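Observations on the model geometry
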Amino acid sequence: MKMKLRNAWILFILLIMPYTILAQAPPLGGATSFALFTSAGAFSNDGATVVTGDIGTNVGAFSGFPPGIVIGQIHVADVVSAAVAPDVDEAYSFLGALTCGEVIGTTLGNVQVLSPNIYCLGAASVLNGDLILDAQCDPDALFIFKIDGALSTNTLSNVILINGAAICNVYWQINGAVSLGVSSIFRGTMIANGAISLLDNASLFGRGLSRAGAIDLHNNVVDINMLPAASIITVDGATTLCEGDSVLLSGNCGGTWNNGETTSSITVLAGGDYFVTNSNTCGSI
């Protein structure tokens, strides 16, 4: 009986081991501070683009800032860019070596809801409408997409993060060029093997890193802020308490109440300040 139990335990460990070991964020090294970077390609912008984070190219012409605004540093063919280029390669290769958790179709979105996993798409892919990534209140939930081809997003498409999903834990390995459609919103760190183009008013919350290809911007917002989403707390009952009264506070999703509880709700019996702190490897809020 003991042997059977031990064998069953070993089998369980083996079954969970691939995802536990392989579902890790890639090492970004010096690329961590970059919102936009290409190892080899021109970097251009027209219009009132605002980028929060470092930008640059290691090989290629650079233009468009100003009129674009950078809240960060610009690196063009310097010591920093030379060090970042191999880091981008390493991160791309790291993602390429991960084992697929699920193979999905090459059309993303249309109110599609996905849970944490390593997703593989076997050819050029497109995002239509809303793609919803649900972390299920796990602050460390990872979403990794491996696309064997180019990626384009249509006008007004949107990557939406819910239930504790964090930009910090969303990665896209794209074996081709990337084109973000007009007024679309994209979230996560993309590491492309081709050009990155943001069409008019498209927004990127995360990073756009290219091994080789031009970066082309047009009136965009790019923000490297990686803080997790804050829990939204709701109150069931009066917020003015008399002796013997209580109030139910709800909405904790993957965080910790300031009284140390990690439950989704707490019952408050005394007046005071109550809040939830959500944390991941990129910070707390």
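To start, this report covers the structure provided alongside it. Fair warning: this is a prediction, and the values are worked out from it, not measured in the lab.

The next thing to look at is the environment of glycine 68. Mapping glycine 68 onto the fold places it in the loop between strand 4 (54–57) and strand 5 (69–71). Glycine 68 sits in the buried class, given a relative accessible area of 8%. With 203 residues separating them along the chain, glycine 68 and glycine 271 place their C-alpha atoms 49 Å apart. Filtering out sequence-adjacent residues up to four positions away, glycine 68 remains in contact with Asn45, Gly47 and Thr49.

If you walk through the whole model with that rule in mind, you get one cavity of 30 Å³ or more. Of the voids in this model, the largest cavity is the one considered here, and its volume is about 40 Å³. Lining the largest cavity are Pro139, Gly164, Pro228, Ala229, Cys253, Gly254, Asn278 and Ser279. Grouping the amino acids of the lining of the largest cavity by side-chain chemistry returns four nonpolar, four polar and no charged.

Another point: unusual backbone geometry. Generally, phi is negative for residues other than glycine and the peptide bonds are trans, each holding for most cases. A cis amide bond links phenylalanine 65 to the next residue, proline 66, at an omega of 0 degrees. Of note, proline 66 is situated in the loop between strand 4 and strand 5. With omega at 10 degrees, the peptide bond leading from proline 66 into proline 67 counts as cis. Tracing the backbone shows proline 67 in the loop between strand 4 and strand 5. Located in the positive-phi region is glutamine 136, a residue other than glycine, with phi close to 55 degrees. Tracing the backbone shows glutamine 136 in the loop between strand 12 (130–134) and strand 13 (143–147). One non-glycine residue, leucine 156, lies in the positive phi region at around 65 degrees. Following the sequence through the fold, leucine 156 ends up in the loop between strand 14 (151–153) and strand 15 (158–162). On the accessibility criterion, leucine 156 (59% relative accessible area) is exposed.

As summarised here, the arrangement of the seven strands in space is 2-21-19-17-14-11-8, forming an open sheet in which the pairing is parallel. Edge strands, defined here as strands with exactly one partner in the open sheet, are strand 2 (43–46) and strand 8 (107–109). Each strand axis lies, on average, 10 degrees off the axis of its neighbour in the sheet, ignoring direction. Note that strand 14 and strand 17 (residues 178–180) share three bridges and pair parallel. Counterpart to leucine 151 in the pairing with strand 17 is valine 178.

Attention now goes to the nonpolar core. Core analysis: the largest hydrophobic core is formed by 43 residues, its most contacted members being Leu36, Phe145, Trp172, Phe186 and Met190. Residues contacting tryptophan 172, with those up to four places away along its chain left out, are Leu108, Leu131, Phe145, Ile147, Leu151, Val159, Phe186, Arg187, Gly188, Thr189, Met190 and Ile191.

Overall, the coordinates contain three disulfides when judged by the stated rule. Disulfide pairing places cysteine 100 opposite cysteine 120 at an S-S distance of 1.8 Å. Given an S-S torsion of about -90 degrees, the disulfide between cysteine 100 and cysteine 120 has left-handed geometry. Of the two residues, cysteine 100 sits in the loop between helix 2 (79–96) and strand 7 (102–103) while cysteine 120 sits in strand 10 (residues 117–121), which places them 20 residues apart along the sequence. The class for cysteine 100 is partly exposed, based on a relative accessible area of 36%. Linked covalently through their sulfurs, cysteine 168 and cysteine 282 form a disulfide whose S-S length is 2.0 Å. Handedness here is read from the sign of the S-S torsion; for cysteine 168 and cysteine 282, about 60 degrees, the answer is right-handed. Placement of the pair is cysteine 168 in the loop between strand 15 and strand 16 (170–174) and cysteine 282 in the loop between strand 28 (279–280) and strand 29 (283–284), with a sequence separation of 114 residues. Residue classification places cysteine 168 among the buried positions, given a relative accessible area of 3%. For cysteine 282, a relative accessible area of 33% corresponds to the partly exposed category. The connectivity of the disulfide-linked cysteines in the protein, indexed sequentially, is 1-2, 3-5, 4-6.

Cut-offs and rules
Residues numbered from 1 in each chain as written. Predicted model: local features only at pLDDT ≥ 70, side-chain atom pairs only at ≥ 80, totals over all residues. Heavy atoms only, no water. Helix = DSSP H or I, 4+ residues; strand = E, 2+ residues; numbered from the N terminus. Buried < 20%, exposed > 50% of the residue type's maximum accessible area, 1.4 Å probe, protein only. Contact = heavy atoms within 4.5 Å. 1 Å grid on protein atoms, 1.4 Å probe; cavity = no way out; pocket = protein on both sides within 12 Å on 5 of 7 lines; lining within 4 Å. Points joined across faces, edges and corners; volume = space filled by probe spheres on them. Nonpolar A, V, L, I, M, F, W, Y, C, P; charged D, E, K, R; others polar. Pairing = 2+ DSSP bridges. Axes fitted to C-alpha atoms, helices over the stretch in contact; angles between N-to-C directions. Core = buried A, V, L, I, M, F, W, Y, C linked by side-chain atoms within 4.5 Å. Disulfide = S-S within 2.5 Å.

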